[in-house]
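Results of the structural survey
The lines below spell out each chain.
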Number of protein chains: 2
Amino acid sequence: MKTKLFTILLVFLSFFSKADDGYRLWLKYDPIKEQSIRQEYLGYFKGIDLQTNPTPVLKTALEELGVGLNGLLGITQLPKNTQGLHIKIDPNLALESYGITEKSGQITLVGGSDKGILYAVFGLLRELQQKHSLKNIAKTEIPKISYRMLNHWDNMNGTIERGYAGASLWKWFELPETIDSRYTDYARANASIGINAVAINNVNASARLLTKEYLVKVKVLADIFRKYGIKLFLSVNFASPKLLGKLKTSDPLDPQVQAWWKAKTKEVYEYIPDFGGFLVKANSEGEPGPQEYGRSHADGANMLAGAIEPYQGIVIWRAFVYSPNPKGDRFKEAYNEFKPLDGTFNKNVIVQVKNGPIDFQSREPFHPLFGAMPQTPLSLEFQITQEYLGFTTNVFYQSILYKECLDSDTYAKGKGSTVAKVIDGSLGTNPKLSMMAGVANTGSDRNWTGHLLSQANWYAFGRLAWNHELTSETIAEEWTRMTFQTDASTLQTIQSILLKSRDTYVKFTTPLGLHHIMGHNLHFGPEPWLEKSARPDWTSLYYHRADSIGIGFNRTKTGSQALELYKPEVQNKWNKPKTCDLDYLLWFHHVSWNEKLSTGKTLWEELCHRYYSGVKEVETFQTEWQKCEGKINQTLFEDVKGRLAAQHRESLNWRDACVLYFQTFSKQALPSPLVKPKRSLEEMKELVEIYQLK
Amino acid sequence: MKTKLFTILLVFLSFFSKADDGYRLWLKYDPIKEQSIRQEYLGYFKGIDLQTNPTPVLKTALEELGVGLNGLLGITQLPKNTQGLHIKIDPNLALESYGITEKSGQITLVGGSDKGILYAVFGLLRELQQKHSLKNIAKTEIPKISYRMLNHWDNMNGTIERGYAGASLWKWFELPETIDSRYTDYARANASIGINAVAINNVNASARLLTKEYLVKVKVLADIFRKYGIKLFLSVNFASPKLLGKLKTSDPLDPQVQAWWKAKTKEVYEYIPDFGGFLVKANSEGEPGPQEYGRSHADGANMLAGAIEPYQGIVIWRAFVYSPNPKGDRFKEAYNEFKPLDGTFNKNVIVQVKNGPIDFQSREPFHPLFGAMPQTPLSLEFQITQEYLGFTTNVFYQSILYKECLDSDTYAKGKGSTVAKVIDGSLGTNPKLSMMAGVANTGSDRNWTGHLLSQANWYAFGRLAWNHELTSETIAEEWTRMTFQTDASTLQTIQSILLKSRDTYVKFTTPLGLHHIMGHNLHFGPEPWLEKSARPDWTSLYYHRADSIGIGFNRTKTGSQALELYKPEVQNKWNKPKTCDLDYLLWFHHVSWNEKLSTGKTLWEELCHRYYSGVKEVETFQTEWQKCEGKINQTLFEDVKGRLAAQHRESLNWRDACVLYFQTFSKQALPSPLVKPKRSLEEMKELVEIYQLK
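Description of the structure in this document.

Cut-offs applied
- Residues numbered from 1 in each chain as written.
- Chains lettered and ligands numbered in written order.
- Predicted model: local features only at pLDDT ≥ 70, side-chain atom pairs only at ≥ 80, totals over all residues.
- Heavy atoms only, no water.
- Helix = DSSP H or I, 4+ residues; strand = E, 2+ residues; numbered from the N terminus.
- Rg over C-alpha atoms; globule rule 2.2 N^0.38 Å.
- Buried < 20%, exposed > 50% of the residue type's maximum accessible area, 1.4 Å probe, protein only.
- Contact = heavy atoms within 4.5 Å.
- Areas by Shrake-Rupley, 256 points an atom, 1.4 Å probe, with all protein chains shown as cover.
- Lys, Arg positive; Asp, Glu negative; His and termini not counted.
- Charge placed at Lys NZ, Arg CZ, Asp CG, Glu CD.
- Pairing = 2+ DSSP bridges.
- Axes fitted to C-alpha atoms, helices over the stretch in contact; angles between N-to-C directions.
- Phe/Tyr/Trp six-rings, centres within 6.5 Å; stacked < 30°, edge-to-face > 60°.
- Parallel < 35°, antiparallel > 145°, perpendicular 65-115°, else oblique.
- Nonpolar A, V, L, I, M, F, W, Y, C, P; charged D, E, K, R; others polar.
- Left-handed = near helix turned anticlockwise from the far one by under 90°.
- Least-squares fit on C-alpha atoms with pLDDT ≥ 70 in both.
- 1 Å grid on protein atoms, 1.4 Å probe; cavity = no way out; pocket = protein on both sides within 12 Å on 5 of 7 lines; lining within 4 Å.
- Points joined across faces, edges and corners; volume = space filled by probe spheres on them.

1. Considering the overall build of chain A
Within chain A one finds 21 helices and 15 strands. A compact globule built from 694 residues would reach a C-alpha radius of gyration of about 26 Å, and chain A, at 26 Å, matches this within 12%. Expressed as lengths along the three principal axes of its C-alpha atoms, the size of chain A is roughly 80 × 80 × 55 Å. The 694 residues of chain A split such that 65% are buried. Long-range contacts, defined as pairs at least 24 residues apart, comprise 72% of the intrachain contacts of chain A with a sequence gap of at least 6. Taken as a whole, chain A presents about 23800 Å² of accessible surface, with 52% of it coming from carbon and sulfur. Mean positive and mean negative side-chain charge positions of chain A (82 and 74 charges, respectively) differ by 1 Å.

This is the structure we're talking about:
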C-alpha cells in the first residue's frame, strides 16, 4: 500500500489548470501538425501587403490575423512584403462583404470596408482551422441579412431570464471602472461568426439603462463592441417617460412623451454615436405598452422610430403578444394583432416575430405572420438558449430547427417564398432592414454555454444569419473541426450526434406535434397534467387536449381555424390527418387514439414508440460519445459524457411521465414489445413537484 | 501610419489566456526565485518517510504536498527515504491538530489524524509560500473552534442571496452526472485555511435537497468535500414534513412529524455517512417554524436534534429573529426570545448568533446573547459576502471587524470573558460544540469573490476560525505574501490598504455609530431617507432617528433600554454620550447636533468631517494602489484599480446623500473647510431610485 502512495506523489496533479475548459470556443488556433498543409500555409504568409489605411476595426482584423497565424502556424511577424498576403478595400463591394482569392501562390483579402476585412480575416482563419487547402480559392461572401443579432435576456441584478449557463456577462455594479476581459472575448467570438448587433438587456426591460448613471456603463460595452463591428442595442421599457421622466403618461401620442423620448435618444447618441436602436416588448406578458392608452403597436413603434430616425437608428418591435382567452387559440393572437398593421409602420421599424406561433417549442410550424406582412420588414427571432430544449443537460443542435423554419415555404408570392426570403428582403420588403435575432445562450460559465455542444448553437446561429443557405451538415462540420483537434472518424461521430439530436429530443419530449407540455414556470421536465396556472394558455391541457377519444389541438376549420392563417398551399400540407406530416399532426388535429397512421401503427402505439425510441437514441448517443474518449481533450469528454447521462435520466422522466399520463386517456396497454415504466404516474408527479419547490 | 500597423502584428496579443486571473487564490505556488531559501528547502525534500497508512484524506494531503513542492521548487518526485520528510500520526494529539518541527536538517509533520496531516501540509506550504526559513521550526497548532464553517446562501435556481460574485458554484441541474472541477478547487481552498464544514444552501431553505432526486446530487459534493476533511451540512425548511411528506402539520411535537424527520435523517445518512447536520432559520423573515404551532425554538431544535443524534449529527439553530414592532427595538428581539431558552436545548444543538444585534452592519456592538446563555453552545455568524459592505466594488478587509467582535469583552464571567472565549468553550460551555460560521462570498466569478481583495476575507475567516488569537496584521501579511509575488514595499502598500479599509468604509457610510441607512431591499448605496417599507424595522428612519434636535437611537434606560442587556461593565463603556466610544455613539444615544465631542468638534461637524475624510481616504487608496503597477500582475492590478475607482464614486454618493439629508435636520452649513456637495439632495434621491428599478 505504501508504495502506491509514492506513485501518487509522482503524478503531481496540476490543480487550477485544465488543458481545455471550453473557454476558447471555436477559436482554438492550436498548432497545425500536418506538415504538408502547414508548408502550404507558411508559403502564403511571408509578409503582408496592406493597401488600406488603419481604422479601429482594421486594427482588430490585423490583431486577429496575428493571433490566428501565431497559434496555427507559429508565425511571429508579418513584415511589409509586396509578395505577401494582400489586404485591400474595394468600395464597389457591399460594406460587409469580402473575398478571398489565391493566385500564383499569393492570397488576397478584399473587403467592402474595414468590417469586410474583419470578416475576411475570420473567413480565412476558418479555412486554416479546417485545414482546407487555399490553392485556387476564390470565395466571395455577401451577408444575406443585414442585422445579425443576439438578444440577451440579462437582468440588472446579474441573473439571466431563461439563462442556464451561469450569471450575466455584464457586471453592472463594477462598470464602468472595471472592465472584464470577457467583454472583448465575447465580442470577438461574435465577430468571428458575423454577428454585428447585440441587444444587451432583457426585453422585460428595466428603465435603468437609459439613465446617465447606466449610460456611462453601457458606453464601455459599446466601445468594445464597436472595435469588432458590433452595434449595441437596448431593450427599453415603454413606461420610461413615467418611470424616469416623471411624466403622468407614457402615451405615444402625447407631445411631452414624444419630447422626452427625443431628448433621451439624443442623450443616448451622445454616449454611443453608432447606437443601433431600441428593442421593445410592449403589451406582452404584463409589460407596459401603447395599448394602455388606446394606441396601437404601430403608434408606439412609430413614436420611437421618429425619435431615433435622425440618428439612423431603428426600432425593433416584438410581435410576441397574446391575451389570456380560454376559448381562443394563442396560435392566432400575434397574427390577428399585427397583420392589420401592415404598412402602417415607419420605415425604420422592424417587427420581430418568433420562429413559431407559440413559444420556441422543439418543433413549431413557421409563424403565420411570415409572408403575411408584405409591407413590413420582419425580424426572425430564434431562441438559442434552451428554455424548452433541455437547458444545458441536453444536446440539441439547433441548426436543424433554424433551417426547418428558414426553408419553410410560406407561398406568400407563390412557390419558393421561404421564410428566409421573407426576412432577407428578397421577396420585396425593405432589404436594408433585414434581421435575424437569437436569444443568447451565453453566461458566466467558463465554457460560455454550459453544455459544450451548445456552443454549436451560438455558432450555427451566426453562420445562418450570415448565409441561410448553408446546410446544417456544413455548419456542424465547421464547428466540430474548429472545436476538436481530432481524427476524421471522431469528428464524424460528434457531427452525427449533433445532426440527430433535435429529432431525438422531440421524440422523448413532444413527439407527433405535441407542444407546450413542460413543467410549470421553470419549464424543466414534463408536466402534461398541468391544469391550472395564472393564465389558461400557460397550462398543458390547453395545448394537448387529450380526452377519451384522442389527443391534439384541432386548428382546422372545424376547430380554432388557425390553419387558415396560412396560404392554401400550406393549409393543404397540414389540413388532413391522413396526409399531414406526422411531425405536425397534433399541432393541427385532434386524432383518435386508434387512428391508423401512415407508419402502420395506431396513434397510441406510435406515440409510445416515439417516446421509447427517443430514450433509446439518447443511449446510442452515450455509446457513440464513449468512442471519443482518448480522441479529444479528456475534460471536454467527461463534461459531455456527464451531460448525456443527465439527458438520459431526463429522457426517462419525460417518457414515463407522458406515457403514463396519456395512458389515463387512451386506456390502452403499451404496445409490445415496450416495457411498462417502472414508476407510477403518482411517482412522476411527485418528482416534477420537487422542481417546483422554491 | 502603415508602419504602425506592422508593429501591431508583431505584438500578437494572446486572447483567451491571461497570466493571472485570480482563480488560484492564495494557492499560487509560483516558483521561488530566491536561491538561498530555495536551497534550504530543497535540502528538506529529498524524499519522504511516511509512517502511516493511507486514507483518502491522507492521499489528498500527499497530492497537495506534491502540487505545492512541484510548483514552488520544481520537485517532481519524492522517493522513499528515511532521511526525507517525515510524516506520522500521533494518536495522543487532538484529531485535527498538527506539528511541524525541524531537527538536524529534517522536517517532521505530525498530525492527530489524517486531517491533522492535511492541515500540516497546508501549514508547511504556507511557510514555504511566505519564504520563511524552516530552520528550528517547532510549531504546534490546535484549532480553537471545532466547526469552522461556511454558510452558502445559494438558491436552487443558481442565484445566491446577497451574493455578488456571479452564480452559485453548485450546478444542480447538471449534478450528479456532470462534476465541475471547481467543486474540488473550492474544497481545497477551504481545507488550506482549515474550514471543515460547509452548509451548501440558503437558510431561506428549499425542501428540495431532502428529496432522493437531490440527495444523489448532494452526495457528489459530500464525497468531494470528504477528501478534504470537510463535512457537508444542509439548511432545511422546517415545513418539510408538510411540503415533502404531505403531512397536515410540521408541529415538532407531533409524533408523525417526528417520525418523518427520523426517517428522512436516516435516509440522508444513507447517502452521506458523515453528514454534518441541519442548519435552520425558523420563524424569521417569513420562514416557517415551530411557533406556528405554539411551540418554542427549543421544541423545534430539540425535535430535529433527537432525529439526528444517533448519527452524531448536530442542529444549528439560528437566533436571527425579530418581529415588526414600530415601538420596539430590533436590537433586543433575539435576546428576549432566546435568553429564556438557555439550558433547554439538547446537547447536540448549537444556537447561531450573528456578530451584532442588527444585521451585519459595518460596525456593530457585539450581540448581547454572547455571554448571556452560559448553558448553550453558541455559534458566531459573520457575513463574509459584503451585503452591507460595498458588494464587490469596495475594499473592506473584514478581519478587523471579526477581531473587534471576537475580542469584545462580555464580562460574562468577569473581565476577559471575550466573545471568542464564549464561543470556543473556554468559558465553560460544551467545548466539543464550538463553531464559527461565515456567510460565503464565493461565486462563479473567475476569481471566486469578485473583488480580488475580498479573497482576503475568505482567507481571514478561515484563519481566525482556526485561531482567533491571530492578529489582522499577521493574516494580511500571510495573504498578501501568498497572493502576490512581489517586493516587500509593495506588499506593505497592499497590507496597509487592507488594514485601513474597514475604518474608511465606516467613515463614508455610517460614521459615529450610524447603522442600517442603506438602500432599500438591494442594500446598495445610501438611502437614509427611507421612511416606508413592508416593516418599520426595514426603514432607515427607525435606526437613525434624526430630528431637529439631533440624531441617534437612544438605547439607554431613558430609551429602548437595549443597553441593559449587557453586563454593567459593558454598559459603563457605552452608557454616557460623553464617555461613549465615538464609534458607537449613535448606536446608543440620541445626540444633539451641537453637542461638543471629545474631538473638539460638534456632532454635526464631526459627522461631516468623517464623511468627507472617508472619501479622501479612498482617494489615498487609489494613489497607494497606483504604486503597485508593474510590481504585480497587470490584470490583477487593473482589476483592483477599477474597483477602487468605483468605490470612490460610491463614496461620493454616500457622502453627498447622507450629508445633504442630515443637513435638513441640523439646519447647519458644512463646517469649513469642507466644500458643499455639487449635487442636490433631490439629485441624490433620483440617483438612488435608479437602483430600485427592476
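2. Let's talk about the sheet that holds strand β10 (residues 314-318) of chain B
Ordered by their spatial adjacency, eight strands build a closed barrel running β6-β7-β8-β9-β10-β11-β12-β13 (chain B), and the pairing between neighbours is parallel. Taken pair by pair, the neighbouring strands of this sheet meet at an average axis angle of 25°, ignoring direction.

3. A look at the packing of aromatic side chains
For the coordinates displayed, the defined rule picks out 100 aromatic pairs over all chains. With 5.2 Å between their ring centres and 55° between their planes, B:Phe320 and B:Tyr322 make a pair best called tilted. The exposure classification of B:Phe320 matches that of B:Tyr322, with both residues buried. An aromatic cluster of at least three residues, connected via ring pairs, comprises A:Tyr23, A:Trp26, A:Trp170, A:Tyr183, A:Tyr186, A:Phe225, A:Trp448, A:Trp458 and A:Tyr459.

4. Quick notes on the packing of helix α3 (residues 56-73) of chain B against helix α4 (residues 114-129) of chain B
Residues and elements named next belong to chain B. Interaxial distance between α3 and α4 falls to 8 Å at its minimum, and their mutual angle equals 10°. Relative to α4, α3 is oriented roughly parallel. Residues Val57, Leu58, Thr60, Ala61, Glu64, Leu65, Gly68, Leu69, Leu72 and Leu73 of α3 form the contact with α4, whose own contacting residues are Asp114, Lys115, Ile117, Leu118, Val121, Phe122, Leu124, Leu125, Leu128 and Gln129. Among the residues forming the contact of α3 with α4, the class breakdown is 14 nonpolar, three polar and three charged.

5. A look at the packing of helix α15 (residues 488-509) of chain A against helix α19 (residues 603-626) of chain A
All names here are of chain A. Two elements in contact, α15 and α19, have axes separated by 8 Å at closest approach and are oriented at 155°. Here α19 runs roughly antiparallel to α15, going by the angle between their axes. Judged by the twist between their axes, the crossing of α15 over α19 is left-handed. Every residue of α19 that contacts α15 at Thr493, Ile494, Ile497, Lys500, Ser501, Thr504, Lys507, Phe508 and Thr509 is listed here: Arg610, Tyr611, Ser613, Gly614, Val615, Glu617, Val618, Phe621, Glu624 and Trp625. Looking at the contact of α15 with α19, its residues break down into eight nonpolar, six polar and five charged.

6. Things to note about the relation of the copies chain B and chain A
With an axial shift of 0.0 Å and an RMSD of 0.0 Å, the rotation relating chain B to chain A amounts to 180°. The two molecules are tied by a two-fold rotation axis, judged by turn and shift. Closest approach to the rotation axis among the C-alpha atoms of chain B is made by B:Ala167, whose C-alpha sits 2.6 Å away. Interface residue correspondence from chain B to chain A reaches 100%, placing this contact among same-surface, isologous pairings.

7. Focus on empty space enclosed by the protein
Tallying each qualifying case throughout the model produces 15 cavities of 30 Å³ or more. A volume near 150 Å³ is recorded for the largest cavity. Lining the largest cavity are 18 residues, and of these B:Tyr388, B:Tyr505, B:Thr509, B:Met518 and B:Trp654 sit closest to its centre. Elements with a minimum of two residues in the lining of the largest cavity: α15 (488-509) and α20 (634-666) of chain B. At three residues, the largest contribution of residues to the lining of the largest cavity is made by α15(B). Classifying every residue of the lining of the largest cavity by side-chain character gives eight nonpolar, nine polar and one charged. The calculated volume of the second largest cavity comes to roughly 130 Å³. If you trace the second largest cavity, you find 19 residues lining it, with A:Tyr388, A:Tyr505, A:Thr509, A:Met518 and A:Trp654 closest to the centre. Elements that contribute at least two residues to the lining of the second largest cavity include exactly α15 and α20 (634-666) of chain A. With three residues, α15(A) is the single largest residue contributor to the lining of the second largest cavity. Of the residues in the lining of the second largest cavity, the class split is eight nonpolar, nine polar and two charged.

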